[in-house]
Amino acid sequence: MEPILEIKNLRKNFDSFSLKDINLSLERGYIMGFIGPNGAGKSTTIKLIMNLIKRDSGEIKIFGKDNIKNEIEVKNKIGFVLDENHYYDEVTVTQMKNIVAPFYKEWDEKVFDKYIKDFELPVDKKIKELSKGMKMKFSLAIALSHNASLLIMDEPTSGLDPVIRSELLDILTELIQDENKGIFFSTHITSDLDKIADYITFINDGEIVLSDTKDSLLENYGLLKGPKSLMDSIDKKDIVGVKENQYGLETLVRNKNKVMRLFNGKAVMEKPTLDDIMVYYTRRNEHA
Amino acid sequence: MLNLAFKDLLIQKKSFFFALLYIVFFMFVFQSLQQAMLPAAITAFTYILVMGAFALDDKNKADIMLNSLPVRRSMVVTSKYLSVYLFALIGIVAYMILHYIARLAKVSLDIYPVDLSGILSTFVSISIMNAIFFPLLFKLGYTKAKVINLVLFFVFFFGVPELINTAVSGMEGEWQGGLVTFLKTTPDYMITLLLIIGTLLILSVSWLLSMKLYSKRDF
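Thresholds, definitions, all that
Residues numbered from 1 in each chain as written. Chains lettered and ligands numbered in written order. Predicted model: local features only at pLDDT ≥ 70, side-chain atom pairs only at ≥ 80, totals over all residues. Heavy atoms only, no water. Helix = DSSP H or I, 4+ residues; strand = E, 2+ residues; numbered from the N terminus. Buried < 20%, exposed > 50% of the residue type's maximum accessible area, 1.4 Å probe, protein only. Contact = heavy atoms within 4.5 Å. Core = buried A, V, L, I, M, F, W, Y, C linked by side-chain atoms within 4.5 Å. Domains from an automatic or database assignment. Axes fitted to C-alpha atoms, helices over the stretch in contact; angles between N-to-C directions. Parallel < 35°, antiparallel > 145°, perpendicular 65-115°, else oblique. Left-handed = near helix turned anticlockwise from the far one by under 90°. Pairing = 2+ DSSP bridges. Phe/Tyr/Trp six-rings, centres within 6.5 Å; stacked < 30°, edge-to-face > 60°.

Student: Which parts of the structure should I look at to understand the overall build of chain A?
Tutor: Across its full length, chain A holds ten helices and 14 strands. Dimensions of chain A, computed from the C-alpha atoms along their principal axes, are close to 65 × 40 × 40 Å. For chain A, buried positions account for 54% of its 288 residues. Look at the contacts in chain A between residues 6 or more apart in sequence, and 69% of them connect residues 24 or more apart.

Student: What exactly am I supposed to notice about the nonpolar core here?
Tutor: Across soluble globular proteins, you tend to see nonpolar side chains buried next to one another. Leu5, Met96 and Phe184 of chain A are the most contacted members of the largest nonpolar core, which totals 139 residues. If one sorts the elements of this core by residue count, helix α3 (residues 37-59) of chain B sits on top with 14 residues. Composition of this core by domain shows at least three residues from each of domain 1 (5-213) and domain 2 (222-271) of chain A. Not counting residues within four places of it along the chain, the set of residues in contact with phenylalanine 184 of chain A comprises Leu5, Leu24, Leu26, Met32, Phe34, Ile46, Ile49, Leu151, Ile152 and Met153 of chain A. Core analysis: the next-biggest nonpolar cluster, separate from the first, contains ten residues, Leu224, Ile234, Val253 and Phe263 of chain A among them.

Student: Just to check I follow, could you spell out the packing of helix α2 (residues 13-29) of chain B against helix α5 (residues 73-104) of chain B for this structure?
Tutor: Two packed helices can be described by the angle between their axes and the distance between those axes. All names here are of chain B. Contact geometry of α2 with α5 gives a least axis separation of 11 Å together with a crossing angle of 50 degrees. One finds that α2 runs oblique with respect to α5. For α2 against α5, the interelement crossing comes out right-handed. Residue-level inspection shows Phe16, Leu20, Ile23, Val24 and Met27 of α2 in contact with α5, the latter providing Ile90, Gly91, Ala94, Tyr95, Leu98 and His99.

Student: What am I meant to see in the sheet that holds strand β9 (residues 199-204) of chain A here?
Tutor: All names here are of chain A. As summarised here, the arrangement of the six strands in space is β6-β7-β8-β3-β9-β10, forming an open sheet in which the pairing is mixed. Two strands lie at the open edges of the sheet, namely β6 (78-81) and β10 (207-213), each paired on one side alone. In this sheet, adjacent strand axes meet at a mean angle of 15 degrees when their direction is disregarded.

Student: What's the story with the domain arrangement of chain A in this structure? I'm lost.
Tutor: It is common to report an interface's size as the accessible area lost on association of the parts. Domains assigned within chain A are domain 1 (5-213) and domain 2 (222-271). Look at where the C-alpha atoms of domain 1 of chain A and domain 2 of chain A centre, and you get two points 37 Å apart.

Student: Before we go on, may I ask you to explain the packing of aromatic side chains in this structure?
Tutor: The geometry of an aromatic ring pair comes down to the distance between the two centres and the angle between the two planes. All names here are of chain B. Scanning the model with the defined rule gives 23 aromatic pairs over all chains in all. With 4.8 Å between their ring centres and 75 degrees between their planes, tyrosine 81 and phenylalanine 134 make a pair best called edge-to-face. Of the two residues, tyrosine 81 is situated in helix α5 and phenylalanine 134 in helix α6 (residues 116-140); the sequence distance between them amounts to 53 residues. On the accessibility criterion, phenylalanine 134 (0% relative accessible area) is buried.

Student: Teacher, can you tell me more about the sheet that holds strand β14 (residues 268-270) of chain A here?
Tutor: The strands making up a sheet associate through hydrogen bonds between their backbones, and the pairing can be parallel or antiparallel. Residue and element names in this part refer to chain A. Strand order in the open sheet formed by four strands is β12-β13-β11-β14, and the pairing between neighbours is antiparallel. Sheet topology places β12 (239-245) and β14 at the edges, where each strand pairs with a single neighbour. Shown here is a sheet whose adjacent strand axes are inclined to one another by a mean of 20 degrees, direction ignored.

Student: Help me understand the environment of alanine 62 of chain B in this model?
Tutor: In this fold, alanine 62 of chain B is placed in helix α4 (residues 62-68). Among the residues examined, alanine 62 of chain B registers a relative accessible area of 0% and is labelled buried. Residues alanine 62 of chain B and phenylalanine 219 of chain B, 157 residues apart in the sequence, show an inter-C-alpha distance of 9.8 Å. Discounting chain neighbours no more than four positions away, the residues touching alanine 62 of chain B are His86 and Tyr88 of chain A together with Asp57 of chain B.

Student: Got a minute to help me understand the pairing of strand β3 (residues 31-35) of chain A in this structure?
Tutor: Within a regular strand, side chains alternate between the sheet's two faces. Residues and elements named next belong to chain A. For β3, the buried fraction is high: five of the five residues fall into the buried class. Here β3 shows a buried face lined by Ile31, Gly33 and Ile35 and a second buried face lined by Met32 and Phe34. Strand direction decides the pairing type here: β3 and strand β8 (residues 182-187), joined by five bridges, are parallel. In the sheet register, methionine 32 faces β8, and the bridge partner there is phenylalanine 184. Here four bridges tie β3 to β9, and the two strands are oriented parallel to one another. Of the residues in β9, the one forming a bridge with phenylalanine 34 is threonine 201.

In structure tokens, the structure reads:
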């Protein structure tokens, strides 16, 4: 079966920033975390997927179909959640639902009512009176009530308290039990992804730095700690970045098993977090 | 599509009542307008609501929300054009009701009744005004288009009649005579027909242009 989301050589040029021929692919049944520092191109990529901005070149296929040629069909099957509220402040939860619902072919009022109850959303309150967490839950309720196969979320957890964040992650975990669905989820809070992501795609300065399963990423990379003299024996290609402190060096390396064999236990190899990987890659680029 | 036009009313209930008051204001203040009372009042009523809807779309970044729905951009544009006539229809009905109430209450006001020529003038007036504003709004968004629109608004209300006066008086005798002869010899229905066709033509060009401009926007 074709990937649920596939991006090939996607390019978009702005005056001060370019998305440079990026590639990624997400299979059905999986959650992909899309990480990168602020301004790396996460939102630009997501807006291109949603055809909110126009691509300069490249290809975006959703369920194997071009996202622009089959725009209506594709968008019927996408649930979309944004970092900020884009609903009208001036209307109530029910009125806003009534504006949006008629556009979806497979809108399911029962499912929506269920989420409204589960999320304890006040239907008669105006959108502007909802808290940030409530607004996100409302967006999520809309995104999940029209039988979407692909959930696309742009920084859904930013600015939310840990309780609501954890609730959201639980919902996503439950959702992905359906093997026909896929979730593409951008964030700079990487601890969210430690819990739920199957794949990690890391973007920096408009380029995809890496895209792999989370497990192989965490197995392949290691955080090497030891004295400065150790550094010289490592193949330069295996070094992602180096941080110096008073005890010696901390180095993020690729092919950690190969590197480890060089030292015969004279150095300590720790498991990096996604944050470590993101920080070392970003710093390296800054120093280059 | 009408759903989106009604949405523009729903999001601005307060402005709606304000716009209704504006119709009453026109009835009181512009007693001298006579036949032009209906088109003037309804044009102002429509203007307030159309601009209000664009302003709220802009404030709430609704373009992002709307265009992430399974909706074509051309439909977003078309529904805005439809909303103009929806607002005008509501305005005309409100005008008729107010007129009726004023008559019942025996208010000593000279309110010109709604008639076919009034409706026609209203149609021409709101169509041309919005045909000019809309492509700018769809290209630039409300905030950026606001300044240009404000200038256009004054040009539209004060400049155009002035311009026509100057143009007519500035014409060579032969031209002027020609125009007067044309207006005199052509039957009324023909002039009306030409006016409607001209308006529809301007409206169509504006609509096509708006769709083209909006389809290229990045949000």
